[in-house]
Amino acid sequence: MHNNGITIERIYNAPRQLVWDAWTKPEHFKKWWGPKVFTCPIAEMDVKVGGKYFWCMRNAEFGDFYTTGTFLEVNPIDSLIYTDSFADAEGNKVGGEYYGMPAVPKESVVTITLEDLGTKTKMTILHSGIPEGELAEQTTAGWNESFDKMASIVE
């Protein structure tokens, strides 16, 4: 972890195309997005440069958390870069305070890189703009729980 965000690496026992599809196809994305106690009832995405997305993480106890953003770079099966912001149920950007998390920045940037390792795929994610400390630790834990779920669908 460094000053300006979180870096996580995972190696999946799956071809790169499958990991790419998990990120870019709503029917796959819905199966893994969000920490283990969450489901993903909404995953709308227009995966092209300038395209928008609108995702929802749902938890029986905590309710719905919406995120939205714009795809900045789309390089099929290689990399994906998008802006990330909390949203309300209508898809309007909101700050972290909307969900009682004032430390969350209004907008951050997520970069996903997929590297072909033969029968495996190395996925590296850089979530920029997340301040160090408790928020970075919670965000890292949330990503890792999501990526554990991803492993169960791609491997």
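Scroll up for the structure.
To keep things clear, this report deals only with the structure shown in the data block. These numbers come from a predicted model, not from an experiment. (Residues numbered from 1 in each chain as written. Predicted model: local features only at pLDDT ≥ 70, side-chain atom pairs only at ≥ 80, totals over all residues. Heavy atoms only, no water.)

It is worth spelling out the overall build of the protein at this point. A count of helices and strands for the protein gives three helices and eight strands. Each helix and strand of the protein, placed in order from N terminus to C terminus, yields the pattern β-α-α-β-β-β-β-β-β-β-α. Its C-alpha atoms put the protein at 45 × 30 × 30 Å along the principal axes. Buried residues in the protein amount to 48% of all 155 residues. Pairs at least 24 residues apart make up 52% of the contacts formed inside the protein by residues separated by at least 6 positions. Accessible surface, the protein: about 7700 Å² in total, of which carbon and sulfur atoms supply 53%. With 14 positive and 22 negative side-chain charges, the protein shows a spacing of 5 Å between the two charge centroids. (Helix = DSSP H or I, 4+ residues; strand = E, 2+ residues; numbered from the N terminus. Buried < 20%, exposed > 50% of the residue type's maximum accessible area, 1.4 Å probe, protein only. Contact = heavy atoms within 4.5 Å. Areas by Shrake-Rupley, 256 points an atom, 1.4 Å probe, with all protein chains shown as cover. Lys, Arg positive; Asp, Glu negative; His and termini not counted. Charge placed at Lys NZ, Arg CZ, Asp CG, Glu CD.)

All right, on to the layout of surface pockets then. Looking at the largest pocket, its volume works out to about 700 Å³. Lining the largest pocket are 26 residues, and of these Met57, Phe86, Met101, Gln138 and Thr139 sit closest to its centre. For the lining of the largest pocket, the secondary-structure elements that each account for two or more residues are strand S4 (63-75), strand S5 (79-87) and helix H3 (134-154). Sorting elements by how many residues they give to the lining of the largest pocket places H3 first, with seven residues. (1 Å grid on protein atoms, 1.4 Å probe; cavity = no way out; pocket = protein on both sides within 12 Å on 5 of 7 lines; lining within 4 Å. Points joined across faces, edges and corners; volume = space filled by probe spheres on them.)

On to the side chain of His127. Among the secondary structure elements, His127 is positioned in strand S8 (residues 120-128). Reaching out from His127, the side chain makes a polar contact with the side chain of Ser108 at a distance of 2.8 Å. The contact partners of His127, leaving out residues within four places of it in the chain, are Asn4, Gly5, Ile6, Asp84, Ser108, Val109, Val110, Thr139 and Trp143. (Polar contact = N/O pair within 3.5 Å; in protein donor to acceptor, adjacent residues only side chain to side chain.)

Alignment of strand S3 (residues 52-59) against S4, held across eight bridges, turns out to be antiparallel. In the sheet register, Met57 faces S4, and the bridge partner there is Phe65. Two successive antiparallel strands, S3 and S4, enclose a turn made up of three residues. Pairing geometry for S4 and S5, over seven bridges, is antiparallel. Residue pairing in the sheet places Tyr66 in a bridge with Ala87 of S5. In this antiparallel pair of consecutive strands, S4 and S5, the connection spans three residues, and Ile77 shows a positive phi of 55°. (Pairing = 2+ DSSP bridges.)

Tracing the backbone through its elements, the reader meets Asn59 in strand S3. Separated by 2.7 Å, the side chain of Asn59 and the backbone nitrogen of Phe62 make a polar contact.

Counting residues in hydrophobic clusters, the biggest one holds 44 residues, and the most contacted among them are Trp23, Tyr82, Phe147 and Met150. In terms of residue count, H3 provides more of this core than any other element does, seven residues in total. (Core = buried A, V, L, I, M, F, W, Y, C linked by side-chain atoms within 4.5 Å.)

A word on H3. For H3, built from 21 residues, the straight-helix expectation of 30 Å at 1.5 Å per residue is met to within 8% by its first-to-last C-alpha distance of 30 Å. Every buried residue of H3 is accounted for by Leu135, Ala136, Thr139, Thr140, Gly142, Trp143, Ser146, Phe147, Lys149, Met150, Ala151 and Val154. Of the surrounding elements, those touching the buried residues of H3 are strand S1 (5-12), helix H1 (16-24), S5, strand S7 (108-117) and S8. (Expected span 1.5 Å × (residues − 1).)

A separate point is the packing of H1 against H3. The geometry of H1 relative to H3 is characterised by a closest axis approach of 11 Å and an angle of 125° between their N-to-C directions. Between H1 and H3, the interaxial angle falls into the category oblique. Considering the relative orientation of H1 and H3, their crossing is right-handed. The segment H1 lies against H3, with Leu18, Val19, Ala22 and Trp23 engaging Trp143, Phe147, Met150, Ile153 and Val154. Residues belonging to the contact of H1 with H3 are distributed by class as follows: nine nonpolar, no polar and no charged. (Axes fitted to C-alpha atoms, helices over the stretch in contact; angles between N-to-C directions. Parallel < 35°, antiparallel > 145°, perpendicular 65-115°, else oblique. Left-handed = near helix turned anticlockwise from the far one by under 90°. Nonpolar A, V, L, I, M, F, W, Y, C, P; charged D, E, K, R; others polar.)

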